[in-house]
Amino acid sequence: MAEFEPKIIAFACNWCTYAAADIAGTSRIHYPANVRIVRVMCSGMVDPIYVLKAFEMGADGVLVAGCHGIDCHYLNGPVKCDAMFEKLKRVVNTLGLEDERLRREMISTSESPIFAQVIEEMVEQLKKVGPSPFKVKMEALA
Amino acid sequence: MNLEDIIQETKTYYCLECGKCTSICPVARYDPAFSPRMLIENALLGFEDELVFNQKLFSCLTCYTCQQECPSDVDFPIFVRKARTIAQDNGQHGVCAHSGQLQSLARLMTSPTIKQKRLEWLSKEYSVSENSDVLLWVGCAPYFEPIFEDIEFRALDITEASLKVLNLLGIKPKLLTDEKCCGHDALWTGDIETFKKLAEHNAAQIKEAGVKKIVFSCPEGYRTFKLDYPNYVDLGCEVQHISELLAEKIGQKGVKFKEINKKVTYQDPCRLGRHLGVYDAPRKVLESIPGIELVEMKHSGWESICCGTSAWTNCDSYSNLLRTERLSEAVETGAELLITACPKCQTHFRCAMVDKGEEHRPTPKIEIMDLANLVANAIEEGR
Amino acid sequence: MSNSENGRKSVLVIGGGIAGIQASLDLGNMGFKVYLVEKSPSIGGRMAQLDKTFPTNDCAMCILAPKMIEASSHPNIELLTYSEIEKVSGEIGKFTVKIKKKASFVDWNKCTGCGLCVEGCPVIIPNEFDQGIGKRKAIYMLFPQAVPKKCVIDKGEERPCKAACMDACPVHTNVPGYIKLIAEGQFKEAYKLIRETNPLPACVGRVCYAPCQEACNRGQIDEPLCIRDLKRVPADQWNIEELEVPVVAETDKKVAIVGSGPAGLAAANDLALQGHNVTIFEALPEPGGMLRVGIPEYRLPKEILRQEIGYIQKLGVEIKTGVQVGKDITIEKLKKDYDAIFVAIGAHGGMKLGVEGEDIPGVMEGIGFLRATSLGEKVDVGKKVAVIGGGNTAIDCARTARRLGAKEVTIVYRRSRTEMPASEEEVTAAEKEEIKIEFLTTPSRFSAENKKLAKMECVRMKLGEPDASGRPRPIPIQGSEFTIPVDTVIAALGQAPETDFVKQSGVSLSKRGTIEIDTKTGVTSVEGVFAGGDVVTGPAFVIDAIAAGKKAARSIHQYLNGQPLEGEGSVKEPEKLSQEEIEDCKRRFPPRNKVEMREGPVKKRVQDFREVALGYSLEEAIEESSRCLAGQIEGCIECHECERRCEPKAIVYTMKDENIALKVGAIILASGLGLYDISSITEYGYGKIKNVITAMEFERLTAASGPTMGALKRPSDGKLPVNIAFIQCVGSRDFRNKAYCSSVCCMHATKEAMLAFEHHPGTKSTIFYMDMRAVGKRFQEYVARAKKDYNATYIRARPGRIEVNAENDNPIIWYEETTSGEIKSFDAELVVLAQAMVPQITQGLAKILGIELDENGFVEVPDKLLQPLDTTRLGIFACGYVHSPRDIPDSVTQASGAAGRAAEEIASLHSQGGN
């Protein structure tokens with residue numbers, strides 16, 4: 001049986017985290033290929049529907065990452081993102097989503113090793129937790 | 001299912017194009033592009049695309065005001081519901097409010113292997129029992145709590161109040177740990193696949209629980225279980241709204257109420273009123289509480305005006321105008337309190353009353369409370 | 001062809017509308033005998049209710065009436081109106097039909113349709129012919145052009161009481177009648193009605209002893225009606241001096257009446273109304289008799305009496321006051337100058353006490369005392385007054401003395417309260433005015449001091465065995481003497497007639513001095529000389545005197561015409577309700593206490609002679625009059641007013657339903673259309689919103705014979721509606737009510753829009769339609785004309801709701817204009833709803849006829865294509881609206897078709913031979 005390779009969707013803000021991921025690439029810092037990065041202009045623009053849609057489409061884990069609090073290019077993005085994330089976490093918890101599947105991070109441009117580390121951690125955890133329960137849909141009634 | 005089939009099934013061909021429906025439709029009153037008559041006319045003339053790709057197809061509130069007066073007895077809401085299935089097949093789903101989170105949640109719930117944590121809120125204050133004959137349906141309340149925090153609406157307040165009321169009436173209901181969304185919104189927006197999956201799951205849960213009656217505090221869940229589920233699954237038990245249960249018990253058990261001196265008015269939810277014909281039970285409950293003075297709004301009973309949004313779809317400025325009109329009617333009665341019997345109505349009214357910085361168009365404000373909460377406050381302890 | 005043998009060549013037509021009339025005429029002209037049965041009193045049907053007909057806008061009645069007349073005078077057609085079908089048996093060629101002819105309570109063989117009865121009827125009820133907008137009476141003719149032109153009485157329910165009041169009243173005044181008129185606010189009519197039997201309503205309404213009240217059947221349930229107090233209401237609420245004087249043909253007969261009291265006035269009134277020349281001779285300076293000089297001002301204001309006597313004078317009666325017959329002019333002279341004499345001088349002689357000291361100044365006789373006071377003469381009344389006697393006169397004297405300044409007034413009566421003849425009300429009033437009553441006391445002696453009356457010695461009495469009058473005889477108690485200080489004594493012991501002057505003329509007197517008469521006719525022992533009132537009976541009541549005067553007038557009239565004198569017929573005793581009837585009334589009518597007559601406050605009223613009884617206010621009058629049991633029913637109250645007025649004597653209260661059996665060969669059903677009740681269509685607010693009416697109501701408004709005589713006024717406030725909206729398909733083409741199309745409404749709304757414009761050229765009519773169904777000959781052109789010349793606009797929409805404009809009560813219509821998709825509101829002043837029409841046949845009648853109806857109640861037709869007028873029973877044919885929705889031309893066409901079918905079937909049976 002092939003080993004389960006979790007699929008992670010990362011929403012990375014253009015100015016910080018996306019740049020960090022980019023630099024990790026150019027610096028040849030390895031991080032697992034399980035992640036697909038979606039560049040957003042700011043973590044504050046991440047709407048819960050993106051995360052939910054990602055799970056609907058089969059993601060095993062989702063990362064929402066952006067600048068640190070005071071560094072945001074648009075000033076208060078991270079604040080908005082935190083507020084959104086707090087509520088979203090409660091919603092998906094109620095859904096029974098395992099904690100490991102949805103993660104929030106603040107990663108600045110210069111912190112590419114941290115980015116790689118986060119991805120490594122997530123992949124390891126998700127391998128243990130297994131495929132997302134949302135992958136398997138119920139059979140419709142005949 | 002194609003359009004021809006829908007016309008045949010719903011007997012829409014009887015439509016006389018008289019326009020009576022549109023003249024009393026709450027949406028048509030504000031949205032000049034929405035006309036129930038035009039939607040049917042397009043269908044009857046075979047203009048399927050004009051119907052299916054019309055964004056306005058999803059603006060119908062399915063509130064049933066039109067059908068109360070239609071001389072040809074056309075069931076317009078069901079016609080719309082079925083037309084929306086064709087729309088969904090064509091990738092149309094209207095404009096989803098709250099960026100589609102609520103619709104997405106319903107779809108996510110169809111996964112058979114999730115393990116929900118729906119009862120974290122349940123405290124020792126309330127008594128439940130595994131062996132009860134009566135099930136209290138909790139519904140989407142645990143999910144609404146985080147989503148609607150900003151408008152200061154905690155749907156679980158209604159659930160807790162319902163539990164408290166049941167306890168005080170001597171009922172320790174069962175609560176399911178793995179309830180899923182009743183599927184009302186999916187059904188009414190034409191997402192039959194999601195609806196069927198949810199229905200099957202819930203029916204199996206109910207069968208396993210072996211209860212004789214399910215009590216609802218949400219009229220949408222109540223309507224769905226009562227009228228829609230039987231077309232797809234077999235429930236094998238009775239369903240009832242909490243206002244009906246209260247109306248029964250108040251007569252029988254000599255329930256004692258504290259005096260609450262308030263002038264109140266009552267919003268008939270579309271699903272409880274026009275869909276199911278339950279107008280008297282909530283009023284009987286209100287009138288049994290000493291000190292409560294019930295004043296009716298200008299349009300009450302079967303003429304009640306819908307709260308403005310259905311199935312979290314096509315919620316727009318016209319919906320807001322409609323809500324404002326209804327809140328004005330409530331304020332005009334001079335009542336201190338607007339009593340609702342539906343968490344959706346309460347959500348939408350509260351949203352309207354949140355100050356959106358429109359000084360030029362202030363929304364009339366009134367305190368809102370669910371019937372269950374009012375009763376929970378009023379029942380005397382230790383009977 | 002002659003009339004049927006065994007009925008085979010005759011046809012029964014059910015329904016007297018235009019279809020039934022047409023079928024009858026066709027068959028009658030073919031030689032068949034036709035029985036035209038109609039439920040209502042007249043034929044004509046719905047067409048009689050219409051103002052005009054489309055598409056010609058001809059007057060409906062102008063077209064209908066000749067047909068109705070033709071049908072009624074056709075030798076082969078027999079009209080059976082006010083009749084219903086009870087049973088149909090047999091088969092084609094040999095049907096037996098049982099018909100119930102409802103009791104109309106009017107003998108149609110005698111009724112001439114003059115309508116006098118309708119004028120007099122006091123009961124006013126909503127008129128179904130006018131769709132409830134207009135009113136009719138309990139006796140009525142369906143419409144002015146009714147065929148047959150006869151009245152019917154709507155008996156409705158049985159009157160819950162026995163009208164014992166009318167029987168108890170000496171003149172049999174129409175009490176339920178005038179009370180009903182008062183309850184309806186018809187004061188002039190009430191006054192006129194009372195005057196038919198009583199020429200002094202306002203006076204009698206103050207002083208009558210009201211035997212009617214004692215007999216009142218309501219008194220067996222809670223409290224009797226205050227009939228007397230109600231009697232004065234019309235005069236209180238309306239100016240009686242506006243009463244018109246009728247024009248009466250004068251005779252050459254002259255009548256002399258001696259005495260202008262109630263008896264004389266009543267006789268004078270009746271004789272003058274019959275055209276005779278009447279002169280009253282009155283000894284006193286003022287007319288009125290005891291009404292003027294016996295009853296004090298505070299009970300009967302002289303102004304009221306003057307007004308009512310004034311009317312009698314307006315009738316041509318001359319009153320010569322200050323002329324005493326027997327002194328100033330002899331009876332012999334009267335006999336020479338006049339053709340008849342009526343002696344009604346009353347009983348004005350006082351009676352002496354027969355007690356020592358009664359000649360002392362200060363002791364006066366009661367009748368004289370009251371007379372002097374009434375005529376404004378000076379009377380010396382001291383401070384301590386004693387009145388001897390126990391009748392109403394004694395009370396009058398006591399209360400008058402109080403008003404003339406007496407500080408202490410005591411009534412001294414020799415028997416006890418129970419035997420006291422004075423009325424309860426008078427005694428109570430006196431006691432309120434602080435008048436003491438010493439019962440079982442009699443004066444034995446008066447004594448003076450300083451030549452003035454100072455003391456009255458009295459002795460107590462006890463009651464012994466009954467004496468000649470039937471009352472216990474008072475016996476003085478030995479040793480019970482006591483003294484009362486008095487300065488004035490008024491003896492009110494009774495009245496005696498002063499009849500010496502008639503003795504010479506040969507008129508016989510009784511031992512008591514009263515004139516003897518034949519009680520049935522009022523004639524004395526001398527031909528041509530009549531007498532009545534107190535002079536015959538001794539002191540009695542005003543109403544008795546009036547009755548006597550009327551009786552004498554009747555006899556005098558007969559005498560003057562050379563007819564034999566016939567008295568009144570037998571008198572009916574007042575009936576009481578049985579226990580069962582009492583229980584039934586208690587169940588149906590909630591208990592209501594009488595409305596007490598308000599009186600002036602005691603302290604103020606004794607200071608002068610102002611009227612004590614204040615009279616009912618308008619609200620009190622209506623409240624009290626609405627207690628009357630007879631008036632509780634909506635229908636005939638059996639007051640007999642119509643009977644009184646009917647000259648051919650056609651009223652028959654005891655009429656019963658008649659059962660008729662007919663043999664006919666075929667039956668044609670043409671029972672027409674009914675109007676669907678649209679109050680269940682709550683979105684249009686019919687019945688709740690004021691200015692929303694039905695199409696038939698509008699039709700009656702524009703009709704010249706309708707409740708507004710053709711003036712276009714909206715029923716709520718009489719205003720002219722300029723902006724009229726018509727809403728079509730109300731109840732029709734509606735799955736929740738009637739799914740079918742009623743066929744005629746599109747055209748009649750167009751017609752009504754045109755009529756509105758004709759009545760008032762500024763009118764704008766807007767018709768809200770779904771389709772315009774104009775399928776007949778020239779119908780589409782008619783619609784086009786309405787748009788072109790009559791300011792009618794057509795909007796394609798079916799409104800969803802009617803709301804009310806709070807400022808002016810006008811209706812606001814909400815609709816979607818289907819041509820543009822816009823939702824709009826429309827302000828109208830009057831909204832006319834085209835109500836659905838339904839076949840006018842009950843399941844009951846269908847069963848009787850043995851025919852089937854379809855799911856909408858129309859007659860089921862087995863072969864719609866080739867035999868469209870045949871029902872499911874052979875021999876019975878249907879035509880007109882009961883068959884299917886259609887207009888007048890189509891109904892008439894079908895009627896001729898049905899006549900053809902019936903004739904064909906009957907003719908073919910006949911030609912097949914057999915008996």
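Right, let's talk about the overall build of chain C for a bit. Within chain C one finds 29 helices and 40 strands. With the C-alpha coordinates of chain C rotated into their principal frame, the extents come out at 120 × 70 × 50 Å. Looking at the 915 residues of chain C, the share that counts as buried comes to 57%. In chain C, of all internal contacts separated by at least 6 residues, the share reaching a separation of at least 24 is 69%. Within the structure as shown, chain C displays about 38,600 Å² of accessible surface, and the carbon and sulfur contribution to it stands at 50%. Taken together, the 116 basic and 123 acidic charged side chains of chain C have centroids lying 1 Å from each other.

Within chain B, the secondary structure is distributed over 19 helices and seven strands. For 383 residues, the compact-globule estimate of 2.2 N^0.38 gives 21 Å, and the C-alpha radius of gyration of chain B, at 21 Å, lies within 12% of that figure. Once the C-alpha set of chain B is aligned to its principal axes, its extents read approximately 65 × 50 × 40 Å. Within chain B, the fraction of its 383 residues that count as buried is 65%. In chain B, once contacts between residues fewer than 6 apart in sequence are set aside, the share between residues at least 24 apart is 79%. Here chain B has roughly 14,300 Å² of accessible surface; of this, 47% comes from carbon and sulfur atoms.

Turning our eyes to something else, we now look at the packing of aromatic side chains. Residues and elements named next belong to chain B. Under the counting rule described, the total for this entry stands at 31 aromatic pairs over all chains. Note on F144 and F148: the rings are 5.5 Å apart at their centroids and 80° apart in plane angle, and the pair reads as edge-to-face. Each of the two residues, F144 as well as F148, counts as buried. Considering the side-chain rings of F225 and Y229, the 4.3 Å spacing of their centres and the 25° angle between planes classify their relative orientation as stacked. The same class applies to F225 as to Y229, namely buried.

Residue and element names in this part refer to chain B. Its 14 residues give helix α10 (residues 155–168) an end-to-end C-alpha distance of 20 Å, which sits within 8% of 20 Å, the value for a rise of 1.5 Å per residue. Among the 14 residues in α10, 12 count as buried, and that is most of the element. Those residues of α10 lying buried are A155, L156, I158, T159, E160, A161, S162, L163, V165, L166, N167 and L168.

Here we take up the sheet that holds strand β35 (residues 801–804) of chain C. All names here are of chain C. An order of β35-β36-β37 is seen for the three strands of this open sheet, with the pairing classed as antiparallel. In this open sheet, the two edge strands, each paired with only one partner strand, are β35 and β37 (822–827). Across the sheet, the mean angle separating the axes of adjacent strands is 30° when strand polarity is ignored. Inspection of the sheet shows β35 paired to strand β36 (residues 811–817) by four bridges, in the antiparallel sense.

This part takes up the environment of C:I660. All names here are of chain C. Note that I660 resides in strand β28 (residues 658–664). With 575 residues separating them in the primary sequence, I660 and I85 have C-alpha atoms 9.6 Å apart. Residue contacts for I660: discarding those within four places in its chain leaves L80, V97, K98, I99 and K101.

This next bit is on the pairing of strand β6 (residues 83–91) of chain C. Residue and element names in this part refer to chain C. As paired strands, β6 and strand β7 (residues 94–101) are joined by eight bridges and run antiparallel to one another. When the sheet's bridge partners are listed, S89 is paired in β7 with T96. The hairpin turn running from β6 into β7, its antiparallel successor, is two residues long, and G93 in that turn takes a positive phi close to 95°.

With that out of the way, let us pick up the domain arrangement of chain B. Many descriptions give the size of an interface as the accessible area lost when the pieces come together. Residues and elements named next belong to chain B. Each assigned domain of chain B is listed here: domain 1 (3–89), domain 2 (97–249) and domain 3 (252–378). A straight line from the C-alpha centre of domain 1 to that of domain 3 covers 27 Å. In this assembly, 16 residues from domain 1 lie in contact with 18 residues from domain 3. Where domain 1 abuts domain 3, roughly 1,500 Å² becomes buried across the two surfaces, and 57% of that area is made up of carbon and sulfur atoms. Broken down residue by residue, the surface that domain 1 buries against domain 3 is led by Y30, L61 and Q68, which jointly contribute 39%. Our enumeration of links across domain 1 and domain 3 arrives at one salt bridge.

Turning next to the interface of chain B and chain A. Each partner contributes residues to the interface: chain B has 32 residues there, and chain A has 22 residues. When chain B packs against chain A, the two sides together hide about 2,500 Å² of surface, and 65% of this comes from carbon and sulfur. In terms of surface lost to chain A, no three residues of chain B exceed B:L108, B:P146 and B:K197, which account for 24% of the buried area on that side. Taken together, the connections running from chain B to chain A amount to three salt bridges.

Residue and element names in this part refer to chain A. Together, W15, M41, M45 and Y74 give the surface a local cluster of nonpolar side chains, amounting to about 370 Å² of exposed area. Structurally, Y74 is set in the loop between β3 (61–66) and α3 (77–94). Judged by relative accessible area, Y74 falls into the partly exposed class, the value being 38%.

A word on the nonpolar core. One finds C:L27, C:V106, C:I139, C:I153, C:Y178, C:F342 and C:I668 to be the most contacted residues of the largest nonpolar core, which totals 146 residues. The biggest single contributor to this core is helix α20 (residues 542–560) of chain C, with nine residues. The residues contacting C:L27, other than those within four sequence positions of it, are C:V11, C:F32, C:V34, C:I668, C:A899, C:A902 and C:A903. By size, the runner-up hydrophobic cluster in this structure holds 111 residues, among which are A:V40, B:L119, B:M369 and B:V375.

To continue, consider the pattern of salt bridges. Residue and element names in this part refer to chain C. Inspection of the entire model under this criterion finds 98 salt bridges over all chains. Here R299 and D396 are joined by a salt bridge, their closest N and O atoms 3.0 Å apart. One end of the pair, R299, is in the loop between α12 (290–293) and α13 (302–314); the other, D396, is in helix α16 (residues 392–403), and 97 residues separate them in sequence. Taken individually, R299 and D396 each receive the classification buried, so the pair is uniform in this respect. Salt bridges linked by common partners bring R299, D396, R399, R403, E426, K432, E433, E599 and R605 together as one network.

Residues and elements named next belong to chain B. Covered by surrounding structure in strand β6 (residues 337–340) are L337 and I339 together with L338 and T340, the residues of both alternating faces. In the sheet, strand β4 (residues 262–266) pairs with β6 via three bridges, with the strands oriented parallel. Note that in β6 the partner of Y266 across the bridge is I339. In this structure, β6 lies alongside strand β7 (residues 367–370), joined through four bridges in parallel fashion. Along β7, the bridge assignment pairs L337 with E367.

What follows is about the sheet that holds strand β29 (residues 666–669) of chain C. Residue and element names in this part refer to chain C. Spatial ordering of the open sheet is given by β5-β2-β1-β29-β40, a layout of five strands whose pairing is parallel. Edge positions in the sheet fall to β5 (77–81) and β40 (876–878), since each of these pairs with one other strand and no more. Each strand axis lies, on average, 20° off the axis of its neighbour in the sheet, ignoring direction. Across five bridges, strand β1 (residues 10–14) lies against strand β2 (residues 33–38) in parallel orientation. By the bridge assignment for β2, V11 is matched with V34. Sitting on the sheet, helix α1 (residues 18–30) is in contact with β1, β2, β5 and β29, with an inclination near 165° to β2.

Moving on to the interface of chain C and chain B. The partner chain B presents 23 residues to the 21 residues of chain C that form the contact. Summing both partners gives a buried area of about 1,800 Å² for chain C against chain B, and 50% of it is carried by carbon and sulfur. Of all residues in chain C, C:F735, C:R801 and C:E816 bury the most surface against chain B, accounting for 33% of the area lost on that side. Connecting chain C to chain B are four salt bridges. Residues C:E816 and B:R37 are paired through a salt bridge, measuring 2.8 Å at the closest nitrogen-oxygen approach. The tally of links between chain C and chain B comes to 12 residue pairs in polar contact (both at pLDDT 80 or more). Where the side of chain C that touches chain B is concerned, the elements lending two or more residues are β35 and β36 of chain C.

Criteria and thresholds
- Residues numbered from 1 in each chain as written.
- Chains lettered and ligands numbered in written order.
- Predicted model: local features only at pLDDT ≥ 70, side-chain atom pairs only at ≥ 80, totals over all residues.
- Heavy atoms only, no water.
- Helix = DSSP H or I, 4+ residues; strand = E, 2+ residues; numbered from the N terminus.
- Buried < 20%, exposed > 50% of the residue type's maximum accessible area, 1.4 Å probe, protein only.
- Contact = heavy atoms within 4.5 Å.
- Areas by Shrake-Rupley, 256 points an atom, 1.4 Å probe, with all protein chains shown as cover.
- Lys, Arg positive; Asp, Glu negative; His and termini not counted.
- Charge placed at Lys NZ, Arg CZ, Asp CG, Glu CD.
- Rg over C-alpha atoms; globule rule 2.2 N^0.38 Å.
- Phe/Tyr/Trp six-rings, centres within 6.5 Å; stacked < 30°, edge-to-face > 60°.
- Expected span 1.5 Å × (residues − 1).
- Pairing = 2+ DSSP bridges.
- Axes fitted to C-alpha atoms, helices over the stretch in contact; angles between N-to-C directions.
- Domains from an automatic or database assignment.
- Buried area = accessible area lost by both parts, 1.4 Å probe.
- Salt bridge = Lys/Arg side-chain N within 4 Å of Asp/Glu carboxyl O.
- Patch = residues over 30% accessible without salt bridge, like charges linked within 9 Å, V, L, I, M, F, W, Y side chains within 5 Å.
- Core = buried A, V, L, I, M, F, W, Y, C linked by side-chain atoms within 4.5 Å.
- Polar contact = N/O pair within 3.5 Å; in protein donor to acceptor, adjacent residues only side chain to side chain.

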